[in-house]
Amino acid sequence: MLARLSRALARRRLKDPAYAFLFEPGPPDEVVSLDCETTGLDRRKDEIVSVAAVRLRGRRLLASEAFSATVRCSTTINPKAIKIHGLRERDVAQGRAMAEVLPALLRFIGGRPLVGYYLEFDVALINRYVRAWLGVSLPNPAIEVSGLYYDRKYGDAPPGTHVDLSFAALARDLKLELIDQHDALADASTAA
């Protein structure tokens, strides 16, 4: 009940009614897997340099219905981040501004639940842009892949069990091929 009330209040605060579709449920059997690459790991100040999303319908990955964008940032990219995702400032200089990317991303996502690996970080960064523009945060339900994996693999494990929730460990254990790890579209597809 409280969640419904909170959602209704957020919908009223929405600055642009053209985006009310975010509060409508998406198709019942669809979710969107989401991933971002960023200038660093500080969700309060770092920016998105690449964002990707891919839809799933039931158990089927809809690779032909993917969204991917390189985003031009206004801050320098931390050298540690470059080592992770390989995107340099000159690589994102020709990207689009987040203000151009965001409307298309939101239309792609719609009201579908979001799926991702450590999704909270990606959603926090996207929400900085969404709140500034629309006055609300993304209302989409979130499905955290690492949490699902933990519950299924380690939920009943005895104390002291070594827990490895790295993306590579999850993929290896689930026999998923890791393609270009830290590429937003590849990571969104693997998380899906």
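All figures in this text were calculated on a predicted structure; none of them were measured in a lab.

About the criteria used
Residues numbered from 1 in each chain as written. Predicted model: local features only at pLDDT ≥ 70, side-chain atom pairs only at ≥ 80, totals over all residues. Heavy atoms only, no water. Helix = DSSP H or I, 4+ residues; strand = E, 2+ residues; numbered from the N terminus. Rg over C-alpha atoms; globule rule 2.2 N^0.38 Å. Pairing = 2+ DSSP bridges. Axes fitted to C-alpha atoms, helices over the stretch in contact; angles between N-to-C directions. Contact = heavy atoms within 4.5 Å. Expected span 1.5 Å × (residues − 1). Bend = angle between axes of the 7 residues up to and from the residue. Buried < 20%, exposed > 50% of the residue type's maximum accessible area, 1.4 Å probe, protein only. Parallel < 35°, antiparallel > 145°, perpendicular 65-115°, else oblique. Nonpolar A, V, L, I, M, F, W, Y, C, P; charged D, E, K, R; others polar. Polar contact = N/O pair within 3.5 Å; in protein donor to acceptor, adjacent residues only side chain to side chain.

### Notes on the overall build of the protein
Next, step 1: Along the protein, the regular secondary structure elements total eight helices and five strands.
Next, step 2: When the helices and strands of the protein are listed from N to C terminus, the series reads α-β-β-β-α-α-α-β-α-β-α-α-α.
Next, step 3: In summary, the protein has a C-alpha radius of gyration of 17 Å against a globular reference of 16 Å for 192 residues, a match within 12%.
Next, step 4: C-alpha extents for the protein along the principal axes are approximately 50 × 45 × 35 Å.

### Re the sheet that holds strand 2 (residues 48-57)
Sheets are built from strands that pair by backbone hydrogen bonding, the pairs being arranged parallel or antiparallel.
Next, step 1: With respect to topology, five strands assemble into an open sheet ordered 3-2-1-4-5, the strand pairing being mixed. Where the open sheet ends on each side, the last strands, each with one partner, are strand 3 (60-70) and strand 5 (142-144). The mean angle between the axes of side-by-side strands here comes to 25°, regardless of whether they run parallel or antiparallel.
Next, step 2: With three bridges connecting them, strand 4 (residues 114-116) and strand 5 associate as parallel partners. Within the sheet, the bridge partner assigned to Val115 lies in strand 5 and is Ile143.
Next, step 3: Across the sheet, helix 4 (residues 98-109) touches strand 1 (30-38), strand 2, strand 3 and strand 4, and the angle it forms with strand 2 is around 10°.

### A short note on helix 5 (residues 119-134)
Next, step 1: The terminal C-alpha atoms of helix 5 lie 21 Å apart, and with 16 residues this matches the ideal 22 Å at 1.5 Å per residue to within 8%.
Next, step 2: Its axis deflected by about 30° at Asn127, helix 5 carries its strongest bend there.
Next, step 3: Of all the residues in helix 5, the buried ones are Leu119, Phe121, Asp122, Val123, Ala124, Leu125, Ile126, Asn127, Tyr129, Val130 and Leu134.
Next, step 4: Positive backbone phi, at 80°, marks Gly135, one or two positions downstream of helix 5.

### Examining the packing of helix 4 against helix 5
Next, step 1: It is at 11 Å that the axes of helix 4 and helix 5 come closest, and there the two elements cross at 95°. Our classification of the angle between helix 4 and helix 5 gives roughly perpendicular. Residues Met98, Leu102, Pro103, Leu105 and Leu106 of helix 4 form the contact with helix 5, whose own contacting residues are Ile126, Tyr129, Val130, Trp133 and Leu134.
Next, step 2: Per-class residue counts for the contact of helix 4 with helix 5 are ten nonpolar, no polar and no charged.

### A closer look at the side chain of Asn140
Next, step 1: Note on placement: Asn140 falls in the loop between helix 5 and strand 5.
Next, step 2: Among the polar contacts made by the side chain of Asn140, one reaches the main-chain carbonyl oxygen of Gly110 at a distance of 2.9 Å.
Next, step 3: A polar contact is formed between the side chain of Asn140 and the backbone oxygen of Arg112, at a distance of 2.7 Å.
Next, step 4: Every residue in contact with Asn140, bar those within four places of it in the chain, is listed here: Ile109, Gly110, Gly111, Arg112 and Leu114.

### With respect to helix 4
Next, step 1: Between the first and last C-alpha of helix 4 there are 16 Å, a value that for twelve residues agrees with the 16 Å anticipated at 1.5 Å per step.
Next, step 2: All buried positions along helix 4 are accounted for by Met98, Val101, Leu102, Pro103, Leu105, Leu106, Phe108 and Ile109.
Next, step 3: Where helix 4 is buried, its residues contact strand 1, strand 2, strand 3, strand 4 and helix 5.

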